[in-house]
Amino acid sequence: MTITDARTDVVAAVPKRLFIDGAWTDAASGSTFAVADPATGRELCEIADAGPDDGRRALEAAVAAQEGWAATAPRARSEILRRAHEIILARTEELALLMTLEMGKPLDQARGEVAYAAEFFRWFSEEAVRIDGGYAPTPDGANRIVVMRQPVGPCLLITPWNFPLAMGTRKIGPAVAAGCTMVLKPAPQTPLSSLALAGILAEAGLPAGVLNVVTTSDAAAVIEPLLRGGRVRKLSFTGSTQVGRILLAQCADTVVRTSMELGGNAPFIVFDDADLDVAVDGAMAAKMRNMGEACTAANRMFVHRSVADEFAARFAERMAGLTVGPGTEPGTDVGPLIDAAGRGKVEELVADAVARDAKVLTGGTTPEGSGYFYPPTVLTDVARDSALMSTEIFGPVAAITTFEDEDDVVRVANDTDWGLVGYVFTRDLDRAIRVSERLEVGMVGLNTGLVSNPAAPFGGVKQSGLGREGGRVGIEEFLEYKYLAVPVRAAK
Ligand code: NAP
């Protein structure tokens, strides 16, 4: 089979409709919107464009299914996730190609995301059967405190386009395990992976109404009435800090519980005692995973003055050696950015840095032709007041600046509203612990450029978010406490 046939087949295999109450259905208005391939800018397909009535219908299905689903045996919920994990892995090639077509990342990175996404289902299938409670006497001995854990209830899950499958499974996994029903609204650029996932979960035995998927080109019109309507019990959002703030305000009115996985502005710090081989490998991973379109991407690189030239030269050589092209082409390291707006923002940030005397070691020029490609770019001597030091770049652009003093670099690294992740490269254990403790972030990559792992609590502090996904705490976000006061009287 040629890649063209395979491409047509994987897109054709996905239902292009809303998934409500276990059935594929058109939008009430009959409207559709286009999904495009960022490597060409050409349309891949049209999918159903939900309006507010479709959103309400999806939430009604989730509300109706909630009580029955909460009463389902934990082992049954666990087995559904386990089966879905296996189906996803068995379909790695189809899912990876689908993701590459709608999002742009190279196929081998898409395969990596399929494995990462599936692992959330395996992890939460194991957590589903470990939900426990508590039993304790009150301090005066007169009562017993019995604590139970219950699902929070119908949830609204909103995901971004950059990890189309994993951002879905990271939320659906714990919600299913905890016994919650849900409405998922994926990003309009990458709805196909979510629709394929809904099909897989149905195949794995998820009952009708537990997961509903609503694709729309007008998120605000569909989501706001749901959040203000009083029936959503929890919002789990991954996306930009800007949109997160809007949704938090909407949730305030009806006191909807929230988890917020928002943007980042990660500092990447290389001390003079770092192993530069390790630091350059770490920089490649932290900058180039997903073409730099990751909340965890190294956004500001601070390199000790004494090693800055060597680090920059070695890193720039590796960056210049990467192959840019369509994610479906064998040998591609760097796919296109998601759309014209995403690339335009990267171009503006580079132009601003260069206007402030940054030097371009490699890249920096947008190629001719179709698709939203941008070359791996390394900038040095970046002025600290450049826009890209305080803006998520979300592209393959590394901004290097130097420092001399540990206190100074920690102060500058923390001088941001965000606090998702930081990277520290040093061989000095005392310094490693000291700096990790002082960084105002939710995660630290210590001599590594990769922190994401389904078994670890992922999330940020400050305006990078609220709550954690994955790890032992991931399921907690979908559970409530209920306590029973039980007096125990003395025998008569
Ligand atoms: P975004 O613009 O904030 O959109 C995220 C999702 O929210 C999309 O589904 C979007 O749909 C929806 N949305 C936007 N406005 C809305 C509104 N008023 N009401 C309801 N939904 C609304 O973010 P993005 O560009 O897709 O993703 C990139 C951002 O996500 C970056 O900031 C990145 O750092 C962050 N991110 C964070 C994590 C993490 O774990 N912390 C992980 C991945 C990505 P529409 O596009 O249709 O508006």
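Residues numbered from 1 in each chain as written. Predicted model: local features only at pLDDT ≥ 70, side-chain atom pairs only at ≥ 80, totals over all residues. Heavy atoms only, no water.

Engineer: For this particular structure, what's the right way to read the packing of aromatic side chains?
Structural biologist: Any two aromatic rings considered together are summarised by their centre-to-centre distance and by the angle between their planes. Evaluation of the coordinates by the stated rule reveals eight aromatic pairs. Taking 5.7 Å as the distance between ring centres and 90° as the angle between the ring planes, the aromatic pair formed by Trp161 and Phe394 counts as edge-to-face. In this pair, Trp161 sits in the loop between strand E7 (155-158) and helix H6 (166-178) while Phe394 sits in the loop between strand E15 (377-380) and strand E16 (397-403), placing the two residues 233 residues apart along the sequence. For the pair shown, Trp161 and Phe394 are each scored as buried. Members of the aromatic cluster, each reached through a chain of ring pairs, are Phe268, Phe311, Phe315, Tyr423 and Phe425. (Phe/Tyr/Trp six-rings, centres within 6.5 Å; stacked < 30°, edge-to-face > 60°. Helix = DSSP H or I, 4+ residues; strand = E, 2+ residues; numbered from the N terminus. Buried < 20%, exposed > 50% of the residue type's maximum accessible area, 1.4 Å probe, protein only.)

Engineer: Looking at this structure, how should I read the sheet that holds strand E22 (residues 479-487)?
Structural biologist: Strand pairing in a sheet is mediated by backbone hydrogen bonds. Such pairs are either parallel or antiparallel. As summarised here, the arrangement of the three strands in space is E5-E6-E22, forming an open sheet in which the pairing is antiparallel. Looking at the sheet topology across the chains shown, the edges are occupied by strand E5 (134-137) and E22. Across the sheet, the mean angle from the axis of one strand to that of its neighbour is 20°, orientation sign disregarded. Where strand E6 (residues 143-151) and E22 come together, nine bridges link them in antiparallel fashion. In the sheet register, Pro151 faces E22, and the bridge partner there is Leu479. (Pairing = 2+ DSSP bridges. Axes fitted to C-alpha atoms, helices over the stretch in contact; angles between N-to-C directions.)

Engineer: I tried to follow the confidence of the model for the protein on my own but got confused; where do I start?
Structural biologist: Any residue range with low pLDDT should be treated as having predicted coordinates unsuitable for detailed reading. Across the protein, the average pLDDT comes to 97, with 99% of residues at or above 70. Looking across the protein, the model is least confident in helix H1 (residues 3-13), with a mean pLDDT of 88, and most confident in strand E9 (residues 211-213), with 99. (pLDDT = per-residue confidence, 0-100.)

Engineer: Can you help me understand the pairing of E5 in this one?
Structural biologist: Every other side chain in a regular strand lies on the same face of the sheet, so the side chains alternate between the two faces. Pairing between E5 and E6: four bridges, direction antiparallel. Looking at E6, one finds that Gly134 is bridged to Val147. In sequence, E5 turns back onto E6 through a hairpin of five residues, with Gly141 there showing a positive phi of about 80°.

Engineer: I'm lost on the site of the ligand in this one. Help?
Structural biologist: Residues in close proximity to the ligand total 28 residues, the closest being Thr159, Arg170, Ser240, Leu262 and Glu392. For the ligand, an oxygen atom lies 2.7 Å from a polar atom in the side chain of Arg170. At 3.0 Å from an oxygen atom of the ligand is found a side-chain nitrogen or oxygen belonging to Lys185. Summarising the interface, the protein chains cover 86% of the accessible area of the ligand, which totals 900 Å² for the free molecule. Of all the secondary structure elements, the ones that give two or more residues to the shell around the ligand are H6, helix H8 (219-228), strand E10 (234-238) and helix H9 (241-253). Among the elements that take part in the shell around the ligand, H8 stands out by supplying three residues, more than any other. Grouping the amino acids of the shell around the ligand by side-chain chemistry returns 18 nonpolar, six polar and four charged. (Near = heavy atom within 4 Å. Polar contact = N/O pair within 3.5 Å; in protein donor to acceptor, adjacent residues only side chain to side chain. Areas by Shrake-Rupley, 256 points an atom, 1.4 Å probe, with all protein chains shown as cover. Nonpolar A, V, L, I, M, F, W, Y, C, P; charged D, E, K, R; others polar.)

Engineer: Even after reading the chapter, I still don't get a nonpolar patch on the surface, so can you show me in this structure?
Structural biologist: On the surface, Leu484, Val486 and Val488 cluster together into a nonpolar patch covering about 200 Å² of accessible area. Tracing the chain through its elements places Leu484 in strand E22. (Patch = residues over 30% accessible without salt bridge, like charges linked within 9 Å, V, L, I, M, F, W, Y side chains within 5 Å. Salt bridge = Lys/Arg side-chain N within 4 Å of Asp/Glu carboxyl O.)

Engineer: Even after reading the chapter, I still don't get the side chain of Arg300, so can you show me in this structure?
Structural biologist: Position of Arg300 among the secondary structure elements: in strand E13 (residues 298-304). Buried Arg300, no salt bridge; nearest opposite-charge side chain is Asp415, N-O distance 6.9 Å. Separated by 2.9 Å, the side chain of Arg300 and the backbone oxygen of Asn265 make a polar contact. Other than its neighbours up to four places away in sequence, Arg300 contacts Asn265, Ala266, Pro267, Phe268, Met389, Ala399, Val412, Ala413 and Thr416. (Lys, Arg positive; Asp, Glu negative; His and termini not counted. Contact = heavy atoms within 4.5 Å.)

Engineer: I tried to follow the packing of helix H3 (residues 74-90) against helix H4 (residues 92-103) on my own but got confused; where do I start?
Structural biologist: The geometry of H3 relative to H4 is characterised by a closest axis approach of 5 Å and an angle of 75° between their N-to-C directions. Between H3 and H4, the angle falls in the class roughly perpendicular. Here Ile88, Leu89 and Ala90 of H3 come into contact with H4, specifically with Thr92, Glu94 and Leu95. The class makeup of the residues in the contact of H3 with H4 is four nonpolar, one polar and one charged. (Parallel < 35°, antiparallel > 145°, perpendicular 65-115°, else oblique.)

Engineer: Sorry if this is basic, but what is going on with the sheet that holds E15 here?
Structural biologist: Spatially, the seven strands line up as an open sheet ordered E14-E15-E16-E13-E12-E18-E19, and their pairing is mixed. Since the sheet does not close on itself, it has two edges, and those belong to strand E14 (359-362) and strand E19 (443-446), each with one partner. Mean inter-strand twist for the sheet, computed between neighbouring axes without regard to direction, equals 25°. The sheet contact formed by E13 and E16 spans four bridges and is parallel. Counted as the bridge partner of Val303 is Thr402 from E16.

Engineer: Mind showing me how you'd approach the state of the cysteines here?
Structural biologist: Note on terminology: a disulfide is the covalent bond linking the sulfur atoms of two cysteines. For the coordinates displayed, the defined rule picks out zero disulfides. Cys155 forms no disulfide, and the closest cysteine sulfur to it belongs to Cys180, at a distance of 4.0 Å. The exposure class assigned to Cys155 is buried, which follows from its relative accessible area of 0%. (Disulfide = S-S within 2.5 Å.)

Engineer: Can you walk me through the nonpolar core in this structure?
Structural biologist: Side chains that are nonpolar tend, in soluble globular proteins, to be buried together. With 65 residues, the main nonpolar core has Phe268, Val270, Met301, Phe311, Phe315 and Leu388 as its most contacted residues. What Phe268 contacts, discounting residues up to four positions off in sequence, is Ala279, Gly282, Ala283, Ala286, Ala298, Arg300, Met301, Phe302, Phe311, Tyr423 and Phe425. Formed by 64 residues, the second largest nonpolar core is a distinct cluster that contains Cys45, Cys155, Leu206 and Val210. (Core = buried A, V, L, I, M, F, W, Y, C linked by side-chain atoms within 4.5 Å.)

Engineer: Sorry if this is basic, but what is going on with unusual backbone geometry here?
Structural biologist: Note: most peptide bonds trans; most residues except glycine with negative phi. Positive phi, normally seen in glycine, also occurs at Asn447, with a value near 60°. Inspection of the secondary structure puts Asn447 in the loop between E19 and strand E20 (461-462). Assessed through its relative accessible area of 32%, Asn447 is described here as partly exposed. Phi at Lys462 takes a positive value of approximately 50°, unusual for a residue other than glycine. Among the secondary structure elements, Lys462 is positioned in strand E20.

Engineer: What's the story with the environment of Gly199 in this structure? I'm lost.
Structural biologist: Relative to the elements of secondary structure, Gly199 occurs in helix H7 (residues 191-203). Taking the C-alpha atoms as reference, Gly199 lies 9.8 Å from Ala84; in sequence the two are 115 residues apart.

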